[in-house]
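Close look at the chain arrangement
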Amino acid sequence: MEEYDANTLRKLLVEIVGEVAGYMRDIAGVEGLNEVLGVGASGDQTRKADRIAEDIAIDLVRHERIPVKIVTEESGTIKITNNPKYIIIMDPLDGSMNFVSLIPFAAVSMAIAPINTPYFSKLIAGAIANIFLGEIYSFSNNKIWIDNTPYQGSRENMGSIVAYTNNPKFFKILDNFMHDKPGFRLRILGSASLELTYVGLGRVSMFYNDTGKLRNVDIAAAGGFVTKAGYTVVSIDGSSIDFRVDNIYRIDSLIAGKREFIEKFLIYLKSHGYV
């Protein structure tokens with residue numbers, strides 16, 4: 001069986017997500033993409049746009065003849081070969097509501113792990129394509145790239161905080177936190193993979209989600225990118241995060257950003273009786 005090094009796998013994923021994103025960008029605005037076809041393996045509605053993106057992604061993986069099992073949001077698990085060596089976990093269209101509404105914030109994301117160690121912490125490589133902006137973000141071997149150009153990270157702090165919760169108390173605490181630390185603004189953009197990736201790029205200061213509805217397909221690739229960029233990804237109790245990638249699983253909570261900022265924010269939450 002052919003061996004693939006980490007950077008070769010990264011380049012394959014970059015090629016695949018780029019092709020899917022390019023096709024979806026070309027058909028954006030076509031009538032009928034919002035049609036609901038049913039409920040996918042993740043429990044969410046599957047729109048026609050979701051199905052198109054997934055079908056293209058699966059066909060491209062098959063074409064590359066990578067010995068993989070696929071875990072994908074709409075169809076669940078798919079075996080490409082009888083003896084898979086790797087697992088690809090993907091969300092071929094993250095932010096589908098944005099996409100069909102022509103709100104330009106949606107992504108294609110893929111990550112790959114060994115079949116024998118199917119965990120987030122063991123990801124070999126990953127890639128996230130920004131459909132409307134046209135950029136592709138990727139990682140392997142503790143390095144990150146934008147459009148196949150090595151990226152050293154940003155020294156800027158843009159001040160945006162992305163937060164998802166079902167608890168109104170959190171927003172009151174966050175409002176007080178931002179009042180105490182001027183310069184931060186709340187944003188909810190509708191594509192977890194892209195919002196989380198933006199943390200690793202320095203475009204978002206913090207990503208927070210404690211809804212219990214976040215899934216591994218949403219954030220595996222982006223979470224890998226953020227950690228390789230040197231940022232912290234933990235649960236809201238401060239414990240490290242790891243999860244399986246060989247099926248669809250929900251993530252109870254996740255917070256990502258610069259370590260010092262995350263530590264201060266979690267202390268602030270605790271001091272207000274939230275966690």
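Cut-offs used in this document
- Residues numbered from 1 in each chain as written.
- Predicted model: local features only at pLDDT ≥ 70, side-chain atom pairs only at ≥ 80, totals over all residues.
- Heavy atoms only, no water.
- Core = buried A, V, L, I, M, F, W, Y, C linked by side-chain atoms within 4.5 Å.
- Buried < 20%, exposed > 50% of the residue type's maximum accessible area, 1.4 Å probe, protein only.
- Helix = DSSP H or I, 4+ residues; strand = E, 2+ residues; numbered from the N terminus.
- Contact = heavy atoms within 4.5 Å.
- Polar contact = N/O pair within 3.5 Å; in protein donor to acceptor, adjacent residues only side chain to side chain.
- Axes fitted to C-alpha atoms, helices over the stretch in contact; angles between N-to-C directions.
- Left-handed = near helix turned anticlockwise from the far one by under 90°.
- Nonpolar A, V, L, I, M, F, W, Y, C, P; charged D, E, K, R; others polar.
- Parallel < 35°, antiparallel > 145°, perpendicular 65-115°, else oblique.
- Pairing = 2+ DSSP bridges.
- Salt bridge = Lys/Arg side-chain N within 4 Å of Asp/Glu carboxyl O.
- Expected span 1.5 Å × (residues − 1).

1. Some thoughts on the nonpolar core
- Counting residues in hydrophobic clusters, the biggest one holds 40 residues, and the most contacted among them are Tyr137, Leu196, Phe207, Ile219, Phe243 and Leu254.
- Breaking this core down by element, the ones donating at least two residues are strand E5 (86–94), strand E6 (107–114), strand E8 (136–140), strand E9 (143–146), helix H5 (192–201), helix H6 (216–228) and strand E17 (254–257).
- Looking at this core element by element, the count peaks at seven residues for H6.
- Beyond its immediate stretch of four places on either side in the chain, Leu196 contacts Phe207, Ile219, Ala222, Gly223, Val226, Leu254 and Ala256.
- Counting residues in each nonpolar core, the second largest holds 36 residues, with Tyr4, Leu13, Val68 and Tyr86 among its members.

2. Quick look at the side chain of Glu73
- Along the polypeptide, Glu73 turns up in the loop between strand E3 (68–72) and strand E4 (76–79).
- A distance of 3.0 Å separates a polar atom in the side chain of Glu73 from a polar atom in the side chain of Arg215.
- Filtering out sequence-adjacent residues up to four positions away, Glu73 remains in contact with Gly40, Ala41, Ser42, Asp44, Glu54, Met90, Asp91, Arg215, Val217, Asp218 and Ile248.

3. Things to note about the packing of helix H1 (residues 6–27) against helix H2 (residues 48–64)
- It is at 10 Å that the axes of H1 and H2 come closest, and there the two elements cross at 150°. Here H1 and H2 pass one another in a crossing that is right-handed. Along the contact surface, H1 presents Leu12, Glu15, Ile16, Glu19, Val20, Tyr23, Met24 and Ile27, while H2 presents Ala49, Ile52, Ala53, Ile56, Ala57, Leu60, Val61 and Glu64.
- When its residues are assigned to classes, the contact of H1 with H2 shows 13 nonpolar, no polar and three charged.

4. Description of the packing of helix H4 (residues 168–180) against helix H7 (residues 259–271)
- H7 packs onto H4 with a crossing angle of 125° between their chain directions and a minimal axis gap of 11 Å. By the criterion of interaxial angle, the relationship of H4 to H7 is oblique. The handedness of the crossing between H4 and H7 comes out as right-handed. In contact with Phe170, Ile173, Leu174, Asn176, Phe177 and Asp180 of H4, H7 contributes Phe261, Phe265, Tyr268 and Leu269.
- Class assignment for the residues of the contact of H4 with H7 results in eight nonpolar, one polar and one charged.

5. Side note on the sheet that holds strand E11 (residues 160–164)
- What the five strands build is an open sheet, ordered E12-E11-E13-E17-E15; its pairing is mixed. Either end of the sheet is taken by a strand with one partner, and the two such strands are strand E12 (185–187) and strand E15 (232–234). Pairs of neighbouring strands in the sheet enclose a mean axial angle of 15°, with direction left out of account.
- Alignment of E11 against strand E13 (residues 206–209), held across four bridges, turns out to be parallel. From the neighbouring strand, Val162 faces E13, where its bridge partner is Phe207.
- Strand contacts of H4: E11, E12 and E13, with the helix running at about 170° to E11, the strand carrying the most contacts.

6. Section: the sheet that holds strand E7 (residues 125–130)
- Pairing is mixed in the open sheet, where eight strands are placed in the order E4-E3-E5-E6-E7-E8-E9-E10. Edge strands, defined here as strands with exactly one partner in the open sheet, are E4 and strand E10 (149–150).
- With six bridges connecting them, E6 and E7 associate as antiparallel partners. Residue pairing in the sheet places Ser109 in a bridge with Ile128 of E7.
- On the sheet, H5 packs against E5, E6, E7, E8 and E9 and is oriented at approximately 105° with respect to E7.
- Where H6 meets the sheet, its contacts fall on E3, E5, E6, E7, E8 and E9, and the angle it forms with E5 comes to roughly 105°.

7. Quick notes on the pattern of salt bridges
- Applying the stated criterion across every chain, the model contains six salt bridges.
- With a shortest N-O distance of 3.1 Å, Arg215 and Asp218 are connected by a salt bridge.

8. Description of H7
- Taking 1.5 Å per residue, 13 residues should reach 18 Å; H7 reaches 18 Å between its end C-alpha atoms and fits that length.
- Residues of H7 that are buried in the fold lie against E11, H4, E13, E15 and E17.

9. A word on the pairing of E17
- Burial of the side chains of E17 extends over both faces: Leu254 and Ala256 are buried on one face and Ile255 and Gly257 on the other.
- Of the strand pairs in this sheet, E13 and E17 are connected by four bridges, and their pairing is antiparallel. Residue Met206 lies in a different strand from E17, and its bridge partner there is Gly257.
- Taken together, the three bridges between E15 and E17 define a ladder with antiparallel strand orientation. Bridged to Val233 within E17 is Ala256.

Keep in mind that these numbers describe shape and distance, not what the molecule does.
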